[in-house]
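# Remarks on the overall topology
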Amino acid sequence: MKKIERRAVVCVCLTLMLAAGMGLFLARYALRGGSWASSAFNRHLYNSDGVLTAGQVEDRDGDVLTSAEDGQRTYYDNETVRKATLHAVGDLQGRIGTGALSAFAHKLTGWNPIGGAFGADKGGTVTLTLDARYNYEAYQALKGRAGAVAVYNYRTGEILCMVSAPSYDPLHVPEDIETNGRYKGAYLNRVLSSAFTPGSVFKTVTLTAALEKIPGLPDRTWTCEGSVKLGEETIVCSGTHGRQDIGDAFANSCNVAFAQLAAELGAETLKQYTEKAGLTDSYTVDGIPTAKGSFTWQELSEGDLGWAGVGQHQDLVNPCALMVYMGAIGNGGRAAEPYLIKKTVSPLGLPSLPRLPAKTGRLVSSSTAERLTELLAENVEKTYGTGRFPNMELCAKSGTAEVGEGQTPHAWFAGFLRNEDAPYAFVVLVENGGGGNAVAGAVAGRVLDVIVNGY
């Protein structure tokens, strides 16, 4: 009898182990089955060159950016469009991890937990939120310079434009791409996967902290004589602005005033507001993690703190995170999280469910967002010129980020539109481009003009 009981216990244990193992497998299958099916080792879906032969990628208007025909992959017939959409669509070799051919391969195969990869010989369709025309205009506006351009709807989360340069034609990969300096970082999506010295665009964060932490700020003035001494450091300004209030100091992008504000606020407060703005976090764009910003706030001298407060020192910002922060200001303190997939259609013709926007946490208080909006709008009126941005209620901040002795500064331009029918936030970075307003602002103006006015 005892022997039977022992055998029964063993059988029960084995049954429980089997059930646990099956449960673990089913959980992993549901979570990772798409990755298994879309692995490059699956020869039903990849040809001998390791190229995915299932599915197609479209832009928001239905223009086919890449598709599979007879076991080979084709791209859009315009070379510039291929270059402009490369980091969103992907390459044949799989070197661009943010491209749909790599990041959304499981959706292109049409895999699902019920039917598996049934119908994968045809594949599914992934429709991106991007408009190929907007990408084309942004790429052209960069004029061969390295950089990043992005525009998104801060109410819905749709990324309308996402360009990273340098780029290349995926159908004709340059033979010297690994050795020619002009292609440095060509595999990297600068919008999502990089962080750069922000320069004066970071003054928006310093201003946010000052508006909330320094009593009587609107009534104060600062006198800029071209530089100011903070501890052992001399903070040099781009001009001599004389006596100015906070609005003029922001419009003038005055290093003297904002370095003094940073020193007054202190490192801990600036750290708190930088984190609250989401600039040290990583967003997930349809499963693609964005790069985190990086800041050093510990053991700073007064001068180092001054430089950090104007976006220099060791500050690094991800362009996508900055764009979302600008969108949050335009949207009263919170913004939609960005995404790239508008919809998918399975090999059986079944469309995905409508997408509901996910919101960020509160990146800025609603009352401060309202005040920032007015000051960012004044920047355009006082400094950048409203005539350059027709039919746009533009709110923006430029930046000219010093990146080392003997190197031309990075040019930044970031902000948002408060048009009711055009709720767009944007970011432009031109690496070693020079002046933010003149260079990056011109790129932003061209892209936004096409999006808003259709030119």
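Residues numbered from 1 in each chain as written. Predicted model: local features only at pLDDT ≥ 70, side-chain atom pairs only at ≥ 80, totals over all residues. Heavy atoms only, no water.

### So, the overall build of the chain
If you tally the helices and strands in the chain, you get 15 helices and 16 strands. When burial is assessed residue by residue, the chain has 53% of its 455 residues classed as buried. When contacts within the chain are restricted to residue pairs at least 6 apart in sequence, those whose partners lie at least 24 apart make up 65%. If you sum the accessible surface of the chain, you get close to 20000 Å²; carbon and sulfur atoms cover 50% of it. (Helix = DSSP H or I, 4+ residues; strand = E, 2+ residues; numbered from the N terminus. Buried < 20%, exposed > 50% of the residue type's maximum accessible area, 1.4 Å probe, protein only. Contact = heavy atoms within 4.5 Å. Areas by Shrake-Rupley, 256 points an atom, 1.4 Å probe, with all protein chains shown as cover.)

### So, the sheet that holds strand S6 (residues 159–165)
Judged by pairing direction, the sheet is antiparallel, and its five strands sit side by side in the order S6-S5-S16-S15-S14 without closing on themselves. The open sheet terminates on both sides in strands that have one partner only, identified here as S6 and strand S14 (394–401). The average angle at which neighbouring strand axes cross in this sheet is 5°, direction not considered. Pairing geometry for strand S5 (residues 147–153) and S6, over six bridges, is antiparallel. Looking across to S6, one finds that Val 149 is bridged to Val 163. Contacting S5, S14, strand S15 (410–417) and strand S16 (424–430), helix H13 (residues 319–330) runs over the sheet at an angle of about 30° to S15. (Pairing = 2+ DSSP bridges. Axes fitted to C-alpha atoms, helices over the stretch in contact; angles between N-to-C directions.)

### Side note on the pairing of strand S2 (residues 64–69)
Relative to S2, strand S1 (residues 56–58) runs antiparallel, the two being bridged by two bridges. Each residue of the ladder has a partner; that of Val 57, found in S2, is Thr 66. Remark: five residues form the turn of the hairpin made by S1 and S2, two consecutive strands paired antiparallel; Gly 62 in that turn has positive phi of roughly 90°. In this sheet, strand S3 (residues 72–75) lies alongside S2 in antiparallel orientation, the contact comprising four bridges. Residue pairing across strands places Ser 67 opposite Thr 74, the latter belonging to S3. Two successive antiparallel strands, S2 and S3, enclose a turn made up of two residues, where Asp 70 displays a positive phi of approximately 55°.

### Here's the deal with the sheet that holds S1
With respect to topology, five strands assemble into an open sheet ordered S3-S2-S1-S4-S13, the strand pairing being mixed. Strands at the two margins of the open sheet, each flanked by one partner only, are S3 and strand S13 (341–345). Recorded for the sheet is a direction-independent mean angle of 20° between the axes of neighbouring strands.

### Section: unusual backbone geometry
Cis rather than trans, the peptide bond between Ala 165 and Pro 166 has omega equal to 10°. Here Pro 166 lies in the loop between S6 and helix H7 (190–193). Not every positive phi belongs to a glycine, and His 313 is a case in point at roughly 55°. Within the element layout of this structure, His 313 appears in the loop between helix H12 (302–309) and H13. A positive phi angle, near 50°, is found at Asn 432, a position not held by glycine.

### Things to note about helix H10 (residues 255–265)
Along H10, eight of the eleven residues are buried, which leaves the element largely enclosed by surrounding structure. Among the residues making up H10, those that are buried are Asn 255, Val 256, Ala 257, Phe 258, Ala 259, Leu 261, Ala 262 and Leu 265. Positive phi appears at Gly 266, one or two residues downstream of H10, with a value of about 90°.

### Section: the pairing of S6
Counting buried residues in S6 gives seven out of seven residues, a clear majority hidden from the surface. Between S5 and S6, which pair antiparallel one after the other, the connecting turn spans five residues, and Gly 157 there sits at a positive phi close to 95°.

### Points about the nonpolar core
Grouped burial of nonpolar side chains is what soluble globular proteins tend to show. Counting residues in hydrophobic clusters, the biggest one holds 89 residues, and the most contacted among them are Phe 258 and Leu 279. Here the element with the most residues in this core is H13; it accounts for nine residues. Beyond its immediate sequence surroundings of up to four residues, Phe 258 is in contact with Lys 203, Thr 206, Leu 207, Ile 246, Ala 249, Phe 250 and Val 310. Ala 138, Val 149, Met 392 and Val 450 belong to the second-largest nonpolar core, a separate cluster that totals 34 residues. (Core = buried A, V, L, I, M, F, W, Y, C linked by side-chain atoms within 4.5 Å.)

### Concerning a positive patch on the surface
A surface patch of positive charge is lined by Lys 213, Lys 276, Arg 334, Lys 359 and Arg 362. Inspection of the secondary structure puts Arg 362 in the loop between S13 and helix H14 (366–384). (Patch = residues over 30% accessible without salt bridge, like charges linked within 9 Å, V, L, I, M, F, W, Y side chains within 5 Å. Salt bridge = Lys/Arg side-chain N within 4 Å of Asp/Glu carboxyl O. Lys, Arg positive; Asp, Glu negative; His and termini not counted. Charge placed at Lys NZ, Arg CZ, Asp CG, Glu CD.)

### Topic: the packing of aromatic side chains
Going through the model one piece at a time under the given rule, you end up with nine aromatic pairs. Measuring from ring centre to ring centre gives 6.4 Å for Tyr 154 and Phe 416, while their planes differ by 90°; the resulting arrangement is edge-to-face. Of this pair, Tyr 154 sits in the loop between S5 and S6 while Phe 416 sits in strand S15, and the two are 262 residues apart along the sequence. Phe 416 matches Tyr 154 in its accessibility class, with the two residues each being buried. Among the aromatic residues, those joined into a cluster by ring pairs are Tyr 384, Phe 389, Phe 413 and Phe 426. One Lys or Arg, Arg 355, reaches over the ring of Tyr 339 and ends 4.0 Å from the middle of that ring. Directly above the aromatic system of Phe 250 lies the positively charged group of Lys 397, at a separation of 5.8 Å from the ring centroid. (Phe/Tyr/Trp six-rings, centres within 6.5 Å; stacked < 30°, edge-to-face > 60°. Lys NZ or Arg CZ within 6 Å of the ring centre and 35° of its normal.)

### A few points about the side chain of Asp 169
When you line up the elements, Asp 169 lands in the loop between S6 and H7. For Asp 169, the side chain forms a polar contact with the main-chain nitrogen of Leu 171, separated by 2.9 Å. If sequence neighbours within four positions are ignored, Asp 169 has contacts with Glu 79, Arg 82 and Lys 83. (Polar contact = N/O pair within 3.5 Å; in protein donor to acceptor, adjacent residues only side chain to side chain.)

### Observations regarding H13
With twelve residues, H13 should reach 16 Å at 1.5 Å per residue; the first-to-last C-alpha distance of 17 Å fits that figure. For H13, a buried count of eleven out of twelve residues is recorded, marking the element as mostly surrounded by other parts of the structure. Residues Pro 319, Cys 320, Ala 321, Leu 322, Met 323, Val 324, Tyr 325, Met 326, Gly 327, Ala 328 and Ile 329 constitute the buried set of H13. Put simply, Asn 318 is the residue that caps the front of H13, since its side-chain oxygen is 3.1 Å from the backbone nitrogen of Cys 320. Gly 332 sits one or two positions beyond H13 and adopts a positive phi of about 85°. (Expected span 1.5 Å × (residues − 1).)

Structural measurements only, silent on function.
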